[in-house]
Amino acid sequence: MTPSWTSERGQSLVMALGILVVLAITVGATASYTASNTRSAAMSDGRLAARTYSESSVNDAIAVLAQRIRAGLDPSAANVLGCAGATGATDTNGPSNCTTPAPLLFCLNGSTNCLAGNAGTASVYGYYSGTNATTYLSRTIPAASWLIVATGYASDPAIGSVTSHTVFAVVAVNPLNSGNVASVWNHVFVTSPLVPGVCALDWSGNNISANVPVYVIGNLCLGSSSINESGQPVDVMVGGYLYLAGGGVGSTASVTSGVVVGGCSASKNGSAATPCTNGLWNFHVKSTDTFISRGAPEETTSDIQNDYSSFDPGPAHPCAAGFNPYVPLPSSVFDGNGIYDNSVGTVTLTPGFSYTCNSTRGATVGQLQWNNTTRVLSITGSVFIDGSLLINQSLTYTGVGVIEVSGTVTVSGNGRTVCAVASCSISNWQGQTGNNQMLTLASLASNTTAVSFDNNNQTFQGSLWTQPSSSLTFLKNGDSLQGPMSIGKFDSTFNNASLQPLPVIKNMPVGAPVPPNTGVTLGVPVYVP
């Protein structure tokens, strides 16, 4: 018979072996769990870093837009954040064309030589909606808002590669998102510098009706005429003096707001000027405004050269073949010798025959067409003429475009009308209507009368621009302007001129020389799933 202690020793051995197996399983499980947690933590850290990079780059994109505001540029240009414009790379109206975006690269890991997709970087592009709410990437983008698409990249040690995270943020451009204009295009903006005793804006003629917002860097002179409010809030900002000789501001009823930095005086030399709000002057405002100092929006030599070479049709972009009954415009209409020097003399925009000029890069890029039978001018995009422009017939225009000339612009003939709608009805143009056509005439001529309305009862409906050293003038009586303008000086010493209340301008042409933005701000980013 085997002793009992031998049996117990065998049982102990079995138990020991079992315990070792259990310990091995436990240790293995613990190691596996620890490794799994380590990998999970690493992946979590990678995802967190990628998300941090993506959200940080949204702020960088907003900074790009903010820098444009500080520079007096358009923060709603559809091509600013890596996408093209709707009709070309310089489209400012939106919506953006993000079919093939070229994202901006932000290096967020301290490196100055990073590559897209590397850890510590972010790729960002933006889609701008334009004047109406649109849909992009299955997301509804409100009017005048950016959808910023930002992807951050970070290291993932667990898989030995890079992980990414994408966020979407909507940023509103105020006050465009509420249907207003975020620049001084909603004013008569008079840009010549302040010169003592000189009227930058001279409305000394009789019975001038001016019911529009006014911004004057220099001095404003009013004869027996007044600036009043009729259907639109009127703000009057004068950086110099207001010289009053019978007229006034808010004569019939106080205008919404106003400020005159130098004060009011009856004499052009500025003597005896006192605050316009002291009750002694015909200056009546509901609230005293704060003058916002703005530099004049001047086209520099480099700006002009860029327009000369890039506008289409223009010196570098001739017309395609015409079609019956339209004749094609020859290249000599746009340039005479291959350099910017006002070489082509005077070009008649409204001759006694029909012509057409479609861009050789496609009709949707640029077009200028005149139908002499219907008196309709069709325009798309930005047109450059190295000479002067004459309008000697009435016309109705369709499209959105700018005609920029190196010389002067003249409207000639009694009763001439240049309008976007029949009978020049301002109530049917821009604003809340379906007609958002806009023609801008821009003269680059310096130190001269750049835009001239030569005869009686002429009407222009659109926008006007000159260099700060040049002027716009009415040479006869009864002329009317409807629309925004940025001009050096404005001289209307004749009678019965009319500047009508402006509608909300919804559609400024691509390439129009844009004045500095006044009051434009960016909303806070709102992240959307």
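Bear in mind the structure is a predicted one, so any value in this text is a computation, not a measurement.

A. Here's a closer look at the sheet that holds strand β17 (residues 263–265). Taken in spatial order, the 10 strands make up an open sheet running β17-β14-β11-β8-β35-β32-β29-β26-β24-β20, and their pairing is parallel. Each edge of the open sheet is held by one strand with a lone partner, namely β17 and β20 (346–348). Each strand of the sheet is rotated relative to its neighbour by a mean of 20°, with strand direction disregarded. Across four bridges, strand β29 (residues 449–453) lies against strand β32 (residues 471–474) in parallel orientation. Each bridged residue has a counterpart across the sheet, and for S452 the counterpart in β32 is T473.

B. Just the state of the cysteines, in detail. In the structure shown here, the tally under the stated rule is six disulfides. Put simply, C107 and C114 are joined by a disulfide, and their sulfur atoms are 1.7 Å apart. Looking down the S-S bond of the C107 and C114 bridge, the torsion is -65°, so its handedness is left-handed. C107 gets classed as partly exposed once you look at its relative accessible area, which sits at 33%. With its sulfur 1.8 Å from that of its partner, C319 forms a disulfide with C357. In this structure the cystine formed by C319 and C357 twists about its S-S bond by roughly -95°; its chirality is therefore left-handed. With C319 in the loop between α2 (301–310) and β19 (327–328) and C357 in strand β21 (residues 355–358), the pair connects residues that are 38 residues apart, well separated along the chain. We note that C319, like C357, is buried. Each disulfide in the protein links cysteines that, numbered along the sequence, combine into the pattern 1-2, 3-4, 5-6, 7-8, 9-10, 11-12.

C. Main features of the environment of S412. Topologically, S412 is positioned in the loop between β26 (409–411) and β27 (417–419). Ignoring sequence-local partners within four residues, the contact set of S412 consists of L390, I391, N392, N455 and Q458.

D. How the structure looks around the side chain of S425. Within the secondary structure layout, S425 lies in the loop between β27 and β28 (438–443). Taking the relative accessible area as the measure of exposure, S425 reaches 19% and is therefore buried. For S425, the side chain forms a polar contact with the side chain of S427, separated by 3.0 Å.

E. How the structure looks around the pattern of salt bridges. Taken as a whole and judged by the stated rule, the model has one salt bridge. The partner of E55 in a salt bridge is R51, and the shortest N-O contact between them spans 3.0 Å. You can see E55 and its partner R51 sitting in helix α1 (residues 4–70), four residues apart, about one turn around the helix. A residue is classified by how much of its surface remains accessible, and E55, at 26% relative accessible area, is partly exposed.

F. Summary view of the confidence of the model for the protein. Taken over all residues, the pLDDT of the protein has a mean of 82, while the share at 70 or more is 82%. Contacts for the low-pLDDT stretch residues 1–11, under 50 throughout, to residues beyond four places or in other chains number zero contacts. In the predicted structure, residues 179–184 sits below a pLDDT of 50 and forms 23 contacts with residues beyond four places in sequence or in another chain.

G. Here's a closer look at the pairing of β21. The alternating pattern of β21 places Y355 and C357 and T356 and N358 on opposite faces, both of which are buried. Two strands pair when backbone bridges link them, and β19 and β21 are joined in this way by two bridges, in the parallel orientation. Its bridge partner lying in β21, V327 is registered against Y355. Bridge analysis of β21 against strand β22 (residues 367–371) gives four bridges, and the strand direction is antiparallel. Within β22, the position partnered with Y355 by the bridge is W370.

H. Just unusual backbone geometry, in detail. The step from D312 to P313 runs through a cis peptide bond, and the omega angle for that step is 5°. In this structure, P313 sits in the loop between α2 and β19. The phi torsion at L137 lies on the positive side, around 55°, for a residue other than glycine. By the secondary structure assignment, L137 is in the loop between β3 (134–136) and β4 (139–141). On the basis of relative accessibility, which here comes to 34%, the residue L137 falls in the partly exposed class. Of note, N342 is a non-glycine position whose phi angle comes to about 60°, a positive value.

I. Spatial organisation of the side chain of S57. Mapped onto the elements of the fold, S57 is located in helix α1. S57 gets classed as buried once you look at its relative accessible area, which sits at 0%. Look past the residues within four positions of S57 in its chain and what remains in contact with it is F106, A122, V124 and A150.

Basis of the calculations
Residues numbered from 1 in each chain as written. Predicted model: local features only at pLDDT ≥ 70, side-chain atom pairs only at ≥ 80, totals over all residues. Heavy atoms only, no water. Pairing = 2+ DSSP bridges. Helix = DSSP H or I, 4+ residues; strand = E, 2+ residues; numbered from the N terminus. Axes fitted to C-alpha atoms, helices over the stretch in contact; angles between N-to-C directions. Disulfide = S-S within 2.5 Å. Buried < 20%, exposed > 50% of the residue type's maximum accessible area, 1.4 Å probe, protein only. Contact = heavy atoms within 4.5 Å. Polar contact = N/O pair within 3.5 Å; in protein donor to acceptor, adjacent residues only side chain to side chain. Salt bridge = Lys/Arg side-chain N within 4 Å of Asp/Glu carboxyl O. pLDDT = per-residue confidence, 0-100.

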